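Coordinates in review
Here's the letter readout for the chains.
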Amino acid sequence: MIYTVSYVVVGGKKKYPSGMMNQHERPVVGSHVQLGNNVFEITEVKRMLPPSDDFEFLHVTCKPIEEETVDE
Amino acid sequence: MRNTGEQDKFISIRKHIYSMDEIKQLLKHINLFRGLSEDQLDQVALLTRPESYDRDAVIFEQNDSGDKMYIVQSGQVEVQVKDRAGGLNSVLILGEGQIFGEMALLDHGARSASVVALQPNTRLYTISRDDFKELCQQDTGIGYVMMRNIALDLSFKIRHQNSFS
């Protein structure tokens, strides 16, 4: 299954862009996701659309866990 | 004569060589190509062109003319839109499997946003408008599936936008 995920960030001291990506593992509440240079904690996972052709469409809400940028 | 920004952009592009089977396996994980048969994927794979961008490289700028669409193979890109004062606002981050620049294939309009690579060695595939149009005319089955998938992708993006507006 391929998970097409819509990420929206709530809270935090600054405004963060939202994100969209495909991934092989279903996101779970409490796990972390990196969007750009920031890492967020997933707080909610909801199905956005019914699954189709081995693709599942999810909407994920997350919150910032750190204000610093990630060094690469 | 290209301006300096365009020169930088072209210098940052590096070509990679993949086998057709490798490209097909990647395409199977991308929404745009779901529902295509193995033979149809072969035809689409022939049209794809790999590009790679360094971190912070500009892939295209808002109001540029556009003649191809992009598929994120790996890494992330940032979609930026200019505000009325000319400042750039980051509105969306796109990761693996996402497409952008697809509106140029459909409406021939200028780019509605700028897109910048966020990670080193951000790998993309491109499909040109001319190649896409020719393929859709030659094989209307592929044309139907890909047009449907582009519509579904735009629908998903609208639902995503609606989720926090």
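A count of helical and extended segments in chain B gives six helices and eight strands. The helix and strand sequence of chain B, counted from the amino end, reads α-α-α-β-β-β-β-β-β-α-β-β-α-α. The burial tally for chain B puts 32% of its 165 residues in the buried class. When contacts within chain B are restricted to residue pairs at least 6 apart in sequence, long-range pairs at least 24 apart make up 75% of them.

A few words on the interface of chain B and chain A. Taken together, the 22 residues of chain B in the interface contact 19 residues of chain A. Every element with two or more residues in the side of chain B that touches chain A is listed here: strand S5 (88–94) and helix H6 (140–162) of chain B. When the residues that make up the side of chain B that touches chain A are grouped by side-chain class, the tally is eight nonpolar, 10 polar and four charged. Across three bridges, strand S2 (residues 18–23) of chain A lies against S5(B) in parallel orientation. The partner of Ser18(A) across the bridge, within S5(B), is Leu92(B).

This paragraph deals with the nonpolar core. Residue and element names in this part refer to chain B. One finds Ile 59, Ile 71, Val 77 and Leu 94 to be the most contacted residues of the largest nonpolar core, which totals 45 residues. In terms of residues, this core owes the most to one element, strand S3 (residues 68–74), which gives four residues. With residues up to four places along the chain from it excluded, the contact list for Ile 71 reads Ile 30, Leu 32, Ile 99, Leu 124 and Tyr 125.

All names here are of chain A. Bridge count between strand S3 (residues 32–35) and strand S4 (residues 38–52): four bridges; the pairing is antiparallel. Its bridge partner being in S4, Leu 35 is matched across the sheet by Asn 38. Linking two consecutive strands that pair antiparallel, namely S3 and S4, is a turn of two residues; a positive phi of about 65° is found at Gly 36 within it.

Taken together, nine strands build an open sheet; the order of strands is S3(A)-S4(A)-S5(A)-S1(A)-S2(A)-S5(B)-S4(B)-S7(B)-S2(B) and the sheet is mixed. Looking at strand neighbours, the two that pair on one side only are S3 of chain A together with strand S2 (58–60) of chain B, the edges of this open sheet. Neighbouring strand axes in the sheet, compared pairwise and without regard to direction, differ in orientation by 35° on average. Direction of pairing for S2(B) relative to strand S7 (residues 114–117) of chain B: antiparallel, over a ladder of two bridges. Each residue of the ladder has a partner; that of Val58(B), found in S7(B), is Val116(B).

Parameters at a glance
Residues numbered from 1 in each chain as written. Chains lettered and ligands numbered in written order. Predicted model: local features only at pLDDT ≥ 70, side-chain atom pairs only at ≥ 80, totals over all residues. Helix = DSSP H or I, 4+ residues; strand = E, 2+ residues; numbered from the N terminus. Buried ≥ 20, exposed ≤ 12 C-beta atoms within 10 Å, placed from the backbone. Contact = placed C-beta atoms within 7 Å. Nonpolar A, V, L, I, M, F, W, Y, C, P; charged D, E, K, R; others polar. Pairing = 2+ DSSP bridges. Core = buried A, V, L, I, M, F, W, Y, C linked by C-beta atoms within 7 Å. Axes fitted to C-alpha atoms, helices over the stretch in contact; angles between N-to-C directions.

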